[in-house]
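Architecture at a glance
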Amino acid sequence: KHMVSAKSNSLGRSLRGLILLINEYYWKTFTGPFFTFFFPLVIISLLGWMLGYFMILSGSLSIGILSISLTSMPTAIYEFKSSSLLKRIGASPINPKIFITAVCSFYIAVMIISVIWSFLVSTVIFISYWEKAPEWASQMPSVSEMLANINYGGYIYSQILTIVIGASIGIMLVSIARSSVTIQSFGVIILIVSMFLSGQVFPLYIVKNVQPLWILGYVICPFKSTACMIVESWYGKTDFLNNVLGSSIFDLTKSYIIRPTLEVGGIKMMEKMTMVTSLEKIINIFLPFIWDIIFILVASFKFKWSTR
């Protein structure tokens, strides 16, 4: 019993030291804090004032998850693998699986912080419209009305799936890449494709209007399904404008239909549109798990603890 207790205490001390080391690395890099706190707010602020906060907030709040999981987290794992610190970690009770789990857990916590931070600061940015929408879109909901209509259960579930997919892609990138530059290059490509094809930075109906791109999104964009669920959940409790039926992502019998009959910013919007059919909702429920299995399998076969 004494030996088991000693090993447990040693592992606990090693884990605390590892977390402190990961945290120190995170704050020393530019990409970590930048993609967590600054980058999402730049996108939200610019597009929010141009297109309207009610059009872009739903998807844009998850930009931090994508940017962290596709660039910061895999780069951190690769840098640790390449450094002399690896030998020190290997001499401790921490094995590679525990190390990967610790790094992923730290950055998953950072992703959650990024979403909460973006949510709170975005509310402050658009606080002048808390009780009343801007004049050029006066028929749209105010910020308080918009937040009151969110289906938070579906929204949180969708964001959790986004985090899991992002983390699995990040580990896969570490497994197949041979340099941090390669990781960041592929990560940025996936980030850009996902932002535009999944409807995270533009209203979902813009992507839906171009059917080839909409279908292509399901094939090459791992975040397409979760983005659709995020948007539907964001407008989940309202029968005004963005969710005619008040549909839920968990109700697979009811399509997600919008009715934007307003003229916003001088642009005439569609009168009625089925965004996600019942069949697509079934696909959206299962497809994220299929992507996860694919990425985890690739990572398990390709991952090497040494960079040589």
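Residues numbered from 1 in each chain as written. Predicted model: local features only at pLDDT ≥ 70, side-chain atom pairs only at ≥ 80, totals over all residues. Heavy atoms only, no water.

Focus: the overall build of the protein chain
Note the threshold: Per the convention used, a helix needs a DSSP run of H or I reaching at least four residues, while a strand needs a run of E reaching at least two, with both numbered from the N terminus. Buried, partly exposed and exposed residues are distinguished by accessible area as a fraction of the type maximum, computed with a 1.4 Å probe on protein chains only: under 20%, between the cut-offs, and over 50%, respectively. In this analysis, two residues are considered to be in contact whenever any of their non-hydrogen atoms come within 4.5 Å of each other.
When helices and strands are counted, the protein chain shows 13 helices and four strands. Burial analysis of the protein chain (308 residues in total) assigns 51% to the buried set. Contacts spanning at least 24 positions in sequence make up 73% of the contacts within the protein chain whose residues lie at least 6 apart.

Re the pattern of salt bridges
Quick reminder of the rule: We define a salt bridge as a side-chain nitrogen of Lys or Arg found within 4 Å of a carboxyl oxygen belonging to Asp or Glu.
On inspection of all chains with the given rule, the structure shows three salt bridges. The partner of Lys28 in a salt bridge is Glu24, and the shortest N-O contact between them spans 3.2 Å. Of this pair, Lys28 and Glu24 are both found in helix α1 (residues 2-28), four residues apart, which corresponds to roughly one turn of the helix. By relative accessible area, Glu24 is classed as partly exposed at 41%. For Lys208, the salt bridge identified is with Glu280, shortest N-O distance 3.5 Å. Within this pair, whereas Lys208 is found in helix α10 (residues 204-208), its partner Glu280 is found in helix α13 (residues 278-302), the two being separated by 72 residues in sequence. The two residues Lys208 and Glu280 agree in class, both being buried.

Digging into the packing of helix α4 (residues 63-82) against helix α6 (residues 96-125)
Cut-off, in case you're wondering: Axes here refer to lines fitted to C-alpha atoms; in helices the fit is confined to the stretch in contact. Angles between the N-to-C directions go from 0 to 180 degrees. Any angle that falls under 35 degrees is termed roughly parallel, while one over 145 is termed roughly antiparallel, one within 65 to 115 roughly perpendicular, and all others oblique. Left-handed is the label given to a crossing in which the near helix is rotated counterclockwise from the far helix by less than a right angle, and right-handed is the label when the rotation is clockwise. Just so you know the grouping, Ala, Val, Leu, Ile, Met, Phe, Trp, Tyr, Cys and Pro go in nonpolar, Asp, Glu, Lys and Arg go in charged, and all remaining residues, Gly too, go in polar.
Where α4 contacts α6, the axes come no closer than 10 Å and their chain directions differ by 155°. The orientation of α4 with respect to α6, classified from their angle, is roughly antiparallel. Pair α4 / α6 crosses with right-handed handedness. Between α4, through Gly64, Ile65, Ile68, Ser69, Ser72, Met73, Ala76, Ile77 and Phe80, and α6, the contact on the second element is made entirely by Phe99, Ile100, Val103, Cys104, Tyr107, Val110, Met111, Ser114 and Val115. Along the lines of polarity and charge, the residues of the contact of α4 with α6 split into 14 nonpolar, four polar and no charged.

Some thoughts on the side chain of Ser255
We apply this condition: Each polar contact in these results corresponds to two N or O atoms within 3.5 Å; when the atoms are within protein, one needs to be able to donate a hydrogen and the other to accept it, and residues that are neighboring in sequence are counted only if both atoms are side-chain atoms.
Within the secondary structure layout, Ser255 lies in the loop between α12 (224-234) and β1 (256-258). Within polar-contact distance, the side chain of Ser255 engages the backbone nitrogen of Ser278 at 3.4 Å. Discounting residues that sit within four places of it in the chain, Ser255 has contacts with Leu245, Ser247, Thr274, Val276, Thr277, Ser278 and Lys281.

Regarding helix α11 (residues 211-220)
How we decide: This arc describes the spread of directions from the helix axis toward the C-beta atoms.
If you check which residues of α11 are buried, you get Trp214, Gly217 and Tyr218. Viewed end-on, α11 has its buried residues packed into an arc of 95°, placing them on one side of the element. Every exposed residue of α11 that faces more than 90 degrees away from the buried side is listed here: Pro212, Ile215 and Val219. The elements touched by buried residues of α11 are α9 (180-197), α10, α12, β4 (273-276) and α13.

Things to note about the packing of aromatic side chains
Our working rule: Whether two aromatic rings pair depends on their centres lying within 6.5 Å, for rings of Phe, Tyr and Trp, where Trp uses its six-membered ring; planes under 30 degrees apart make the pair stacked, over 60 edge-to-face, and the rest tilted.
According to the stated counting rule, one finds 23 aromatic pairs in the structure shown. With 5.4 Å between their ring centres and 50° between their planes, Tyr25 and Phe80 make a pair best called tilted. On the criterion of sequence distance, the pair formed by Tyr25 in helix α1 and Phe80 in helix α4 is long-range, its members being 55 residues apart. The exposure class assigned to Phe80 is buried, which follows from its relative accessible area of 3%. With a centroid separation of 5.5 Å and 45° between ring planes, the pair formed by Phe34 and Phe38 is classed as tilted. You can see Phe34 and its partner Phe38 sitting in helix α2 (residues 31-51), four residues apart, about one turn around the helix. Exposure remark for Phe38: the relative accessible area of 49% places this residue in the partly exposed category.

Side note on the nonpolar core
As a reminder, the rule being used: Here, the term nonpolar core denotes a set of buried Ala, Val, Leu, Ile, Met, Phe, Trp, Tyr and Cys residues that are joined through side-chain atoms within 4.5 Å.
If you look at the biggest cluster of nonpolar residues, it comprises 75 residues, and the most contacted ones within it are Ile22, Tyr53, Tyr107, Met146, Trp234 and Met275. The residues contacting Met146, other than those within four sequence positions of it, are Tyr53, Phe54, Leu57, Pro141 and Trp234.

Some words on the packing of α11 against α13
For the pair α11 and α13, the least separation of the axes is 11 Å and the interaxial angle reads 30°. Regarding the angle of α11 to α13, the classification is roughly parallel. Where α11 abuts α13, its residues Trp214, Tyr218 and Val219 lie against Glu280, Ile283, Asn284, Leu287 and Trp291. Of the residues that constitute the contact of α11 with α13, the class distribution is six nonpolar, one polar and one charged.

A closer look at the environment of Ser194
With respect to the element layout, Ser194 can be found in helix α9. Residue Ser194 is classed as buried on the basis of its relative accessible area of 1%. For the pair Ser194 and Ile63, spaced 131 residues apart in the sequence, the C-alpha separation amounts to 9.4 Å. Once residues lying within four places of it in the same chain are set aside, the contact partners of Ser194 are Leu66, Gly199, Gln200, Cys221 and Phe223. A distance of 2.7 Å separates a polar side-chain atom of Ser194 from the backbone oxygen of Ile190.

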